[in-house]
Amino acid sequence: MLTRTWWWAAKPGYNVTVTNPTDSDLVAAALAGDHAAFGLIVERHGRNVYQLCYRFTGDHADASDLTQDVFIRAYRSLRTFRGHAALGTWLYRIAVNVSLNRLAKRSKVSPAGTRLQQLESLSRGQRARVASDAESPTETLLRGEEAARVRAAIARLPKKQRATLILRVYHELPHEEIARILGSSVGAVKANFFHALKNLRKLLA
Amino acid sequence: MTHLSDAELVDAAEGTLAPARAAHVERCASCTAAINQLGEALRAAAAHRDVPEPSPLFWDHLSARVQDAIAAEPRPSPAPLAWLGDIRRLAPLAAVAVIAAALWSPVSTRWRPRIDAPRPGVSVAPASLSGDRDQPVDAVDPKTSEVWDVLTAAAADLELDAAHDAGMAVQPAAIDRAVQRLNADELNELGRLLQTELRRAGN
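Basis of the calculations
Residues numbered from 1 in each chain as written. Chains lettered and ligands numbered in written order. Predicted model: local features only at pLDDT ≥ 70, side-chain atom pairs only at ≥ 80, totals over all residues. Helix = DSSP H or I, 4+ residues; strand = E, 2+ residues; numbered from the N terminus. Buried ≥ 20, exposed ≤ 12 C-beta atoms within 10 Å, placed from the backbone. Contact = placed C-beta atoms within 7 Å. Nonpolar A, V, L, I, M, F, W, Y, C, P; charged D, E, K, R; others polar. pLDDT = per-residue confidence, 0-100. Axes fitted to C-alpha atoms, helices over the stretch in contact; angles between N-to-C directions. Parallel < 35°, antiparallel > 145°, perpendicular 65-115°, else oblique. Core = buried A, V, L, I, M, F, W, Y, C linked by C-beta atoms within 7 Å. Arc of directions from axis to C-beta. Left-handed = near helix turned anticlockwise from the far one by under 90°.

### Considering the overall build of chain B
Here is step 1 of the chain: When helices and strands are tallied, chain B shows ten helices and zero strands.
Here is step 2 of the chain: Counting from the amino terminus, chain B carries its helices and strands in the arrangement α-α-α-α-α-α-α-α-α-α.
Here is step 3 of the chain: Burial statistics for chain B: of 203 residues in total, 19% are counted as buried.
Here is step 4 of the chain: Sequence-distant contacts, at least 24 apart, represent 68% of the contacts inside chain B between residues at least 6 apart.

This is the structure:
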């Protein structure tokens, strides 16, 4: 009886039960040339990678391109993944790097910056007046605007602070894992997070 | 007690501050205010955690695009320094080889290029048993000179070229000097060890 199914070894005509392969199993299979195994890695981690890229770029098209780029880079350097960290952590690390590189290439007047200025032009009075209304399309719009304002403020943080805040608040990763992703210490991660929150508060004031 | 550090303020805002430090916060308005401000920013950020969900077809398209891209890629190449891992595993063996080279090379180079070592029956001056390291090798007792034959036999089996090829640097002059500094006791002991090893190798 198979206690663990090496699903990629299954061939037509063989009755092999497919169980839940671990990430390490999938990496080993992909290294052996099985593209379907790598497809499962994409399926398993694609959403988290996309969401991380989206939080950096604030744009679906960019996030989509970057997500594809992350997995292609991951495939090319799959042999360097030695399993010391979780595959998800490794993919996050690639995603942070490609996202920050993409942002660095953008023009200085970024869409996020322009958007922030537009949102800041919305007066506090206007926001308060709309917020006092009952649930309405306007309020829904305002909530969307507020979310965009927060995203724009986060986009203005220095990149390490931004990465730390995104990984901590939105992906709820422990400080230790963020340290592994960013290649720094837990103390540095906490210090970055402290400054990120402090600066965010100023930007949102 | 000192105020909370930045990292401790983060811990406090996240509710994971050590109890010992929490006692300070209860008495410190400054730290309490800092924690509240961090908490306010944290809540503002966390309130907008949703990422717009792409179309349901997006994930299939993403998988297909990645599959197409990697289909055109060569198989993932080995890590540039992956061989270092193998070298590390061979480290103990390499250490043994180095020690072996250090033990054997004096013997080999002493007798390969030079054949003026004392022979049994050749009259030489009695050896001093004082253990004087400066005692020249020619002063070895004739009774111990059979050691030379053992050493010669051992050296005959050693392939210096192979040692060189393996990267073991052998400097004959230095080795000669090292052997010549052996006193009679050391020479006898070396011969005994070599005889033992030769017998073992012959079995």
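Next comes the rest of the description.
### Side note on helix α1 (residues 6–14) of chain B
Here is step 1 of the chain: Along α1(B), the positions that sit buried rather than exposed are B:Glu8, B:Leu9, B:Val10, B:Ala12 and B:Ala13.
Here is step 2 of the chain: The positive-phi residue at the C-terminal boundary of α1(B) is B:Gly15, with phi of around 80 degrees.

### Quick look at the interface of chain B and chain A
Here is step 1 of the chain: Residue-level contacts link 33 residues of chain B with 39 residues of chain A.
Here is step 2 of the chain: Mapped by element, the contributors of at least two residues to the side of chain B that touches chain A are α1, α3 (29–46) and α4 (58–71) of chain B.
Here is step 3 of the chain: No other element matches α4(B), which puts nine residues into the side of chain B that touches chain A.
Here is step 4 of the chain: Counted by class, the side of chain B that touches chain A contains 22 nonpolar, five polar and six charged residues.

### Remarks on the confidence of the model for chain B
All names here are of chain B.
Here is step 1 of the chain: Per-chain confidence: chain B averages 68 in pLDDT, with 46% of residues scoring 70 or above.
Here is step 2 of the chain: Within the model, pLDDT remains below 50 along residues 108–140, and this stretch shows 58 contacts once partners closer than five positions in the same chain are excluded.
Here is step 3 of the chain: Below pLDDT 50 for its whole length, residues 156–165 participates in ten contacts with residues either more than four positions away or in separate chains.
Here is step 4 of the chain: Interface confidence for the predicted complex, given as ipTM, is 0.74, next to a pTM of 0.60.

### Thoughts on the packing of helix α10 (residues 186–204) of chain A against α1(B)
Here is step 1 of the chain: Viewed as axis vectors pointing N to C, α10(A) and α1(B) meet at an angle of 70 degrees, and their least axial separation amounts to 8 Å. Between α10(A) and α1(B), the crossing angle belongs to the class labelled roughly perpendicular. Between α10(A), through A:Gly187, A:Lys190, A:Ala191, A:Phe193 and A:Phe194, and α1(B), the contact on the second element is made entirely by B:Asp6, B:Ala7, B:Leu9 and B:Val10.
Here is step 2 of the chain: Counted by class, the contact of α10(A) with α1(B) contains six nonpolar, one polar and two charged residues.

### Thoughts on the nonpolar core
Here is step 1 of the chain: One finds A:Cys53, A:Ala95, B:Leu9 and B:Leu38 to be the most contacted residues of the largest nonpolar core, which totals 63 residues.
Here is step 2 of the chain: It is helix α2 (residues 35–57) of chain A that provides the largest number of residues to this core, a total of nine residues.
Here is step 3 of the chain: Once residues within four sequence positions are removed from consideration, A:Cys53 is found in contact with A:Ala63, A:Leu66, A:Thr67, A:Ala95 and A:Ser99.

### As for helix α9 (residues 175–182) of chain A
All names here are of chain A.
Here is step 1 of the chain: Restricting attention to buried positions, one finds in α9 the residues His175, Glu177, Ile178, Ile181 and Leu182. Burial along α9 is one-sided: seen end-on, the buried residues are contained in an arc of 160 degrees.
Here is step 2 of the chain: One or two residues past the end of α9 sits Gly183, with phi positive at roughly 65 degrees.

### Re the packing of α1(B) against α3(B)
Residue and element names in this part refer to chain B.
Here is step 1 of the chain: Direction vectors running N to C along α1 and α3 enclose 60 degrees, while the axes themselves pass 9 Å from each other. Of the possible angle classes, the one that applies to α1 and α3 is oblique. Read as a crossing pair, α1 and α3 show a hand that is right-handed. Each of Leu9, Val10, Ala12 and Ala13 in α1 lies in contact with α3, whose residues at this interface are Ala34, Ile35, Leu38, Gly39 and Leu42.
Here is step 2 of the chain: Broken down by class, the residue content of the contact of α1 with α3 amounts to eight nonpolar, one polar and no charged.

### A look at the environment of B:Ala45
Here is step 1 of the chain: For B:Ala45, the position within the fold is in helix α3.
Here is step 2 of the chain: What makes B:Ala45 buried here is the crowd of 23 C-beta atoms within 10 Å.
Here is step 3 of the chain: Apart from residues lying up to four places away in sequence, B:Ala45 is in contact with A:Val150, A:Ile154, A:Leu165, A:Val169 and A:Leu200.

### What about the environment of B:Ala18?
Residues and elements named next belong to chain B.
Here is step 1 of the chain: Locating Ala18 in the fold gives a position in the loop between α1 and α2 (19–27).
Here is step 2 of the chain: Judged by C-beta crowding, with 10 C-beta atoms within 10 Å, Ala18 ranks as exposed.
Here is step 3 of the chain: Spatially, the C-alpha atoms of Ala18 and Glu8 are 8.5 Å apart, while their sequence positions differ by ten residues.

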